[in-house]
Amino acid sequence: MTEKDINIEEEETLNEQPVDETDKEAEETAAAEEAATEEPAQEEEEEKEEKDPLEKALEEAAELKNQLLYKAAEFENYRKRTLKERAELILNGGEKVITAILPVLDDMERAIANGSKTEDPQVLREGMELIYQKFVKTLEGQGVSKIETKDADFDTDLHEAVAMVPGMGDDKKGKVIDCLQEGYKLNDKVIRHAKVAVGQ
């Protein structure tokens, strides 16, 4: 064996130092502690994962309950407001029409007051015609229109037959012969049928 080989063997033996058993035990206990702490941590995480869907569902349920309560309160407020508005409409719905008619009433009162000052019936007639025309225009402004009856075909949607007139000829059959009471529509809705006599 050469000197070189001997030096190599010595170095190898020097490098191979005996492992202290206490260090080995410490490493083993540290590893065991790590494993012990990892297992509960993993169990806790698993428990959290198991609880999360339930907690999430409970939170969603609470949020939906709050939304439902809010919507129910909002609907109740809407219902009360609607009832109040409807009651006001029933009580004061005619206010616009009455306000429009009041000037006609004023004209009628003036005509009555001035009627005693004149003996001329023509002046009274002209005054009454002016008031009538003003009243008709006021009603038209509120959407009221007269149902046409002159030479009209009898229509059960617009007319009410109160008399049948025989012997008027074929050209007058089913036609309005005479209007006994005018009919009116409010915004294309019949509010009073015209009472008419119809040819047979």
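One structure accompanies this document, and this report is about it. Just so it is clear, the structure is predicted and the values come from calculations on it, not from any experiment. Per-chain numbering applies: the sequence of each chain, read as written, is numbered from 1 onward. Local features in this predicted model are restricted to residues whose pLDDT is 70 or higher, and side-chain atom pairs enter the listing and the counts only when it is 80 or higher, whereas totals over whole chains, interfaces and linings include all residues. Hydrogen atoms and water are omitted, and side-chain values are computed over all heavy atoms in the structure.

## Brief notes about the overall build of the protein chain
Put simply, the test is: Numbering of helices and strands runs from the N terminus; a helix is a DSSP stretch of H or I covering at least four residues, while a strand is a stretch of E covering at least two. Categorising residues by exposure relies on relative accessible area from a 1.4 Å probe, with only protein chains included: less than 20% of the type maximum marks a residue as buried, more than 50% marks it as exposed, and the intermediate range marks it as partly exposed. Only heavy atoms enter the contact rule, under which two residues are in contact if any of them lie within 4.5 Å.
On a plain count of helices and strands, the protein chain comes out with four helices and six strands. When burial is assessed residue by residue, the protein chain has 10% of its 200 residues classed as buried. Sequence separation of 24 or more characterises 60% of the internal contacts of the protein chain that already satisfy a separation of 6 or more.

## Quick notes on a nonpolar patch on the surface
Convention followed: Only residues whose relative accessible area exceeds 30% and that form no salt bridge enter a patch; like-charged residues are grouped when within 9 Å of one another, and nonpolar side chains (Val, Leu, Ile, Met, Phe, Trp, Tyr) when within 5 Å. Shrake-Rupley sampling with a 1.4 Å probe provides the accessible areas, and residues are treated as covered by the protein chains on show and by no other component. Counted as salt bridges are all cases of a side-chain nitrogen of Lys or Arg within 4 Å of a carboxyl oxygen of Asp or Glu.
Together, Ile98, Leu102, Leu105, Met108 and Met128 make up an exposed nonpolar region whose accessible area comes to about 440 Å². Considering every element that reaches the nonpolar patch, the biggest residue donor is helix H3 (residues 95-115), with four residues. Inspection of the secondary structure puts Met108 in helix H3. With relative accessibility at 32%, the residue Met108 sits in the partly exposed group.

## Observations regarding the pattern of salt bridges
By the definition in use, this model includes four salt bridges. Two residues, Asp107 and Arg110, come together in a salt bridge whose shortest N-O distance is 2.5 Å. Of the two residues, Asp107 and Arg110 are both situated in helix H3; the distance of three residues between them amounts to about one turn of the helix. Residue Asp107 is classed as buried on the basis of its relative accessible area, which comes to 16%. Note that Lys134 is salt-bridged to Asp107, the shortest N-O span being 2.9 Å. With a gap of 27 residues between them, Lys134 in helix H4 (residues 121-141) and Asp107 in helix H3 connect regions that are remote in the sequence. Relative accessible area serves as the criterion here: at 35%, Lys134 is assigned to the partly exposed category. Because the salt bridges share partners, they merge into one network encompassing Asp107, Arg110 and Lys134.

## Things to note about unusual backbone geometry
Although it is not a glycine, Asp151 sits at a positive phi angle of roughly 55°. In this fold, Asp151 is placed in the loop between strand S1 (144-146) and strand S2 (159-165). For Asp188, which is not a glycine, the phi torsion comes out positive at approximately 70°. Mapped onto the elements of the fold, Asp188 is located in the loop between strand S4 (184-186) and strand S5 (189-192).

## Concerning a negative patch on the surface
For the record, the criterion: Counted as positive: Lys and Arg. Counted as negative: Asp and Glu. His and the chain ends are not counted at all. By convention, the point assigned to a charge is CZ for Arg, NZ for Lys, CD for Glu and CG for Asp.
Together, Asp52, Glu55, Glu59, Glu60 and Glu63 make up a negatively charged patch on the protein surface. Topologically, Glu55 is positioned in helix H2 (residues 21-92). Residue Glu55 is classed as partly exposed on the basis of its relative accessible area, which comes to 41%.

## A word on the sheet that holds strand S6 (residues 194-199)
Note: strands within a sheet are paired through backbone hydrogen bonds, in either parallel or antiparallel orientation. Note the cut-off: In short, DSSP must find at least two bridges between two strands for them to pair. Angles here are taken between N-to-C directions and fall from 0 to 180 degrees, while the axes themselves are lines fitted to C-alpha atoms, restricted in helices to the stretch in contact.
Read across the open sheet, the three strands follow the order S2-S6-S3; overall the sheet is mixed. A single partner strand is all that each edge strand has here, and the edge strands are S2 and strand S3 (176-181). Strand after strand, the sheet turns through a mean of 30° between neighbouring axes, direction not considered. Examined bridge by bridge, S2 and S6 share six bridges and lie parallel to one another. Following the sheet pairing, Ala161 is matched in S6 by Val196.

## A look at the environment of Asp153
Heads up, the condition is: Any pair of N or O atoms that falls within 3.5 Å is considered a polar contact. Within protein, one atom must be able to donate a hydrogen and the other to accept it, and sequence-neighbouring residues count only if both atoms are side-chain atoms.
Structurally, Asp153 is set in the loop between S1 and S2. Considered as a pair, Asp153 and Lys173 are 20 residues apart in the sequence and their alpha carbons are 9.0 Å apart. Aside from chain neighbours lying at most four places away, what touches Asp153 is His159, Gly174, Lys175 and Val176. In terms of polar contacts, Asp153 uses its side chain to reach the side chain of Lys175, at 2.9 Å.

Interpretation in functional terms is not warranted from these geometric data alone.
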